[in-house]
Amino acid sequence: MNIPEDLSHLCERIANDDQLAYRQLFIQFYNKLSRFVMGFTKSKELTEEIVSDVFINIWRRRKNIEEIKNLKLYLYVSAKNITFNYLKKLHRENLTDLDLVEIEPEDPFADPGAAMITREMNLKLKAAINNLPPRCKLIFTLIKEDGLTYKQTAQLLNISESTVENQLSIALKRISGAIRYTFRHN
Amino acid sequence: MVMLNQNSSSQNQFWSLLSKKLSKEASSEELQELQSILLNNPDLHHHADMLTEMWQQRAVNNSDGSEAAYIRHIMKHKDEFFVEENPIEINSDGPVSETNPGFFRTLISKKRFTVFSFLALIVLTTGSIYLFTKKRDTKLTAVQAISSIVTKNGNRTKIVLPDGSQVWLNAGSNLDYNNSVFNKDLREVTLNGEAYFDVTRNPEKPFIIHTKKMDIKVLGTVFNVRSYSDEKITEAALIKGSIEVTLKDRKDQKIILKPNEKISIANEELKTEAKQSKIIPAKNNTVRIPQIVVKELKPNPTSNIIGEIAWTQNKLYFEDENLEDIALRMERWFGKKVTIANESLKNIHYTGNFENETIEDVLSYLKLSKSFNFRLGNDNVVIY
């Protein structure tokens, strides 16, 4: 298990040209940012390019990186902006629509052996998560997997906090439905 | 859908409060409220428990593939990460041609990168120097123009081949190629030792690496090859793209490696650790065939390091290796002869990751976990 290092400490080291700290930041956020970007671009190559851009910008402005109030949110917002710029350049603005986003969340139980659930239930959960409406799935993933707060999610997606709250409730309710279903058949 | 025998507003309240609790957005009043809903609706308990358990799985931070992505990122922006010191560039551009004898066609750069801190020592064999002078006055020189890049123990270097492919050569290794035919129909090099390759894509001209035990054919990819003649195993680890491996003693059989896989072949008929890996079984007959193992490349879960390529980041890294093998690694890494005088120490296993440390530092650290003594000479170390 990875214990994420305190970001402000990482920032301080990055500002001092510490490439190991930079690498740690990269490793910590690469897959998360890629998943977010991929939801819009649907292209692995383009996603890698965009996330690489996000991080090179961090390196270029490392001398004043400590001015960034919330580095985590900054990374996501920067990923979104760069993604939207690319899509604009490619005349694919339509893909910036949150209702068309295709997020692929992690497996609900990455290590089913460790949890008290059956394989069948794991599959049901996964299917339930995958069948969430796009916007709902995006919000669920950003909060659960990426650990963003309601407020950060709202800022990132330009929606209200109450929308975030509603969407997350809907997600949980639906996922729960899958569990109930499984129990009836057990 | 879940059907609950409660009024819908209380239900909606439940999901909203549970969401807040899980995402740590709930106030203490909200937590209390959730508690009282649960008290009045025992059948909701199960949902709360299961969702809570699912939510906590988030702690598993999946960083698969990000190490390789980081290397690609650094390579893409290398100018911004590698600070050159004392660049000595011997360069000649243009493609290979008869009129361009191009002894220095290879862009040979002696750079010291801050990230890699490669100390470049490039030795070109007399053969190519000879031909360089010879080639000018004779047309019939389709002969040996072997460029040989050699790293001594303690040195690592980076080279750029005439086709633009980049090679990081680890200590105690040499890479040879024939300058007069390289990049004509094929791009062929011979490796003895360890190197990390970033091959420029060109499907027309396959890139082939010959080693003692296997030949590796690629079209354009990133991978690491380790083939020291004094080590037990020859291995190739693939980061990106795909490579095709042909074994010297079984030319008919080709093995295709996918990204994040590595193949290991015993240099002699030795047993290789084959836990949790798919094994291509050796044929059950009298002919002894080296054992082959293909397994997934995985970063160490705590350090996030992929052992096979750690050296390209200037890390001396070993994972559960015995002191005898580590001694050999240190010998190359630091360029000092390392001897183990006490036989019983050879089989002690260590895991470690060192950067910028001296051999004395490394040994002192190792000593801390399982004790031994060592004596440091000018160019040798004795462990006892």
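Preceding this section is the structure that the text describes.
It should be emphasised that the depicted structure is a prediction, and the values quoted were computed from it without experimental measurement. (Residues numbered from 1 in each chain as written. Chains lettered and ligands numbered in written order. Predicted model: local features only at pLDDT ≥ 70, side-chain atom pairs only at ≥ 80, totals over all residues. Heavy atoms only, no water.)

> What am I meant to see in the overall build of chain A here?
When you go through chain A residue by residue, the secondary structure sums to 8 helices and 0 strands. Counted from the first residue to the last, chain A has its helices and strands arranged as α-α-α-α-α-α-α-α. Burial analysis of chain A (186 residues in total) assigns 52% to the buried set. Long-range contacts, defined here as pairs at least 24 residues apart, represent 65% of the contacts in chain A between residues at least 6 apart. Element-wise, carbon and sulfur atoms account for 49% of the exposed surface of chain A, whose accessible area totals about 8800 Å². (Helix = DSSP H or I, 4+ residues; strand = E, 2+ residues; numbered from the N terminus. Buried < 20%, exposed > 50% of the residue type's maximum accessible area, 1.4 Å probe, protein only. Contact = heavy atoms within 4.5 Å. Areas by Shrake-Rupley, 256 points an atom, 1.4 Å probe, with all protein chains shown as cover.)

> What am I meant to see in the packing of helix 2 (residues 19-41) of chain A against helix 3 (residues 44-60) of chain A here?
When two helices pack together, their arrangement is captured by the angle between the axes and the distance separating the axes. All names here are of chain A. For the pair helix 2 and helix 3, interaxial distance at closest approach is 9 Å and the crossing angle is 140°. When the axes of helix 2 and helix 3 are compared, the pair comes out oblique. For the pair helix 2 and helix 3, the crossing hand works out as right-handed. Packed against helix 2, whose contacting residues are Gln19, Tyr22, Leu25, Phe26, Phe29, Tyr30, Leu33, Ser34, Val37, Met38 and Thr41, the element helix 3 presents Lys44, Leu46, Thr47, Glu48, Ile50, Val51, Val54, Phe55, Ile56, Ile58 and Trp59 at the interface. Broken down by class, the residue content of the contact of helix 2 with helix 3 amounts to 16 nonpolar, 4 polar and 2 charged. (Axes fitted to C-alpha atoms, helices over the stretch in contact; angles between N-to-C directions. Parallel < 35°, antiparallel > 145°, perpendicular 65-115°, else oblique. Left-handed = near helix turned anticlockwise from the far one by under 90°. Nonpolar A, V, L, I, M, F, W, Y, C, P; charged D, E, K, R; others polar.)

> When you look at the pairing of strand 8 (residues 207-210) of chain B in this model, what are you seeing that I'm missing?
Residue and element names in this part refer to chain B. As paired strands, strand 7 (residues 187-198) and strand 8 are joined by 4 bridges and run parallel to one another. Residue pairing for strand 8: Val189 is matched across the bridge by Ile209. When strand 8 meets strand 9 (residues 214-218), the two strands line up antiparallel, connected through 4 bridges. Of the residues in strand 9, the one forming a bridge with Phe207 is Val218. The turn linking strand 8 back onto strand 9 is made up of 3 residues. (Pairing = 2+ DSSP bridges.)

> Which parts of the structure should I look at to understand the packing of aromatic side chains?
How two aromatic rings sit relative to each other is set out by the distance from centre to centre and by the angle between their planes. In total, this model carries 15 aromatic pairs over all chains according to the counting rule given. Each ring, one from A:Phe36 and one from A:Tyr76, has its centre 5.8 Å from the other, and the planes form 65°; the classification is edge-to-face. Residue A:Phe36 is located in helix 2, and its partner A:Tyr76 is located in helix 4 (residues 71-89); the two are separated by 40 residues in the primary sequence. For the pair shown, A:Phe36 and A:Tyr76 are each scored as buried. Ring centres of B:Phe197 and B:Phe207 lie 6.0 Å apart, and the angle between their planes is 70°; on these two criteria the pair is classed as edge-to-face. Separated by 10 residues along the polypeptide, B:Phe197 in strand 7 and B:Phe207 in strand 8 bring together distant segments of the chain. What makes B:Phe197 buried here is its relative accessible area of 0%. Following the ring pairs from residue to residue traces out a cluster consisting of A:Tyr22, A:Phe26, A:Tyr30, A:Phe55, A:Trp59 and B:Tyr70. Stacked on the ring of B:Tyr228, the Lys or Arg B:Arg332 has its end atom at 3.4 Å from the ring centre. (Phe/Tyr/Trp six-rings, centres within 6.5 Å; stacked < 30°, edge-to-face > 60°. Lys NZ or Arg CZ within 6 Å of the ring centre and 35° of its normal.)

> Please explain the nonpolar core as it appears in this structure.
Nonpolar side chains tend to gather and get buried jointly when the protein is soluble and globular. A:Leu25, A:Phe36 and A:Phe140 are the most contacted members of the largest nonpolar core, which totals 75 residues. With 11 residues, the single largest contributor to this core is helix 2 of chain A. Setting aside residues up to four positions removed in sequence, A:Leu25 forms contacts with A:Leu7, A:Leu10, A:Ile14, A:Phe55, A:Ile58, A:Leu71 and A:Leu75. Grouped together as the second largest cluster of nonpolar side chains are 31 residues, B:Ala68, B:Met75, B:Ile306 and B:Trp311 included. (Core = buried A, V, L, I, M, F, W, Y, C linked by side-chain atoms within 4.5 Å.)

> Help me understand the pattern of salt bridges in this model?
For side chains of opposite charge, pairing can occur when their charged atoms come near one another. Residues and elements named next belong to chain A. Enumeration over the complete set of coordinates arrives at 11 salt bridges over all chains. With its nearest N and O atoms 3.1 Å apart, the salt bridge here joins Arg135 to Asp99. Of this pair, Arg135 sits in helix 6 (residues 134-144) while Asp99 sits in the loop between helix 4 and helix 5 (119-130), placing them 36 residues apart in sequence. Since its relative accessible area comes to 41%, Asp99 is described here as partly exposed. (Salt bridge = Lys/Arg side-chain N within 4 Å of Asp/Glu carboxyl O.)

> It is not clear to me how the environment of A:Leu95 should be interpreted in this structure. Could you clarify?
All names here are of chain A. For Leu95, the position within the fold is in the loop between helix 4 and helix 5. With relative accessibility at 10%, the residue Leu95 sits in the buried group. Separated by 11 residues in the primary sequence, Leu95 and Phe84 have C-alpha atoms spaced 8.5 Å apart. For Leu95, the contacting residues outside a window of four places in its chain are Phe40, Lys42 and Leu87.

> How should I be thinking about the side chain of B:Ser19 in this particular structure?
By the element assignment, B:Ser19 lies in helix 1 (residues 8-22). A polar side-chain atom of B:Ser19 sits 2.6 Å from the main-chain carbonyl oxygen of B:Trp15. When residues no more than four places from it in sequence are discounted, the contact partners of B:Ser19 are A:Tyr150, A:Leu168, A:Ser169 and A:Leu172. (Polar contact = N/O pair within 3.5 Å; in protein donor to acceptor, adjacent residues only side chain to side chain.)

> Sorry if this is basic, but what is going on with helix 4 of chain A here?
Each full turn of the α-helix corresponds to 3.6 residues, which orients residues three or four apart in the same direction. Residues and elements named next belong to chain A. With 19 residues, helix 4 extends 27 Å from end C-alpha to end C-alpha; this agrees with the ideal 27 Å at 1.5 Å per step. Among the residues of helix 4, those classed as buried are Leu71, Lys72, Leu73, Leu75, Tyr76, Ser78, Ala79, Lys80, Ile82, Thr83, Tyr86 and Leu87. Close packing links the buried residues of helix 4 with helix 1 (7-15), helix 2, helix 3, helix 6 and helix 7 (150-157). Two to three positions downstream of the cap, the backbone nitrogen of Lys72 sits 3.2 Å from a side-chain oxygen, assigning the N-cap of helix 4 to Asn70. Taken from the residues just after helix 4, His91 is the one with a positive phi, measuring 55°. (Expected span 1.5 Å × (residues − 1).)

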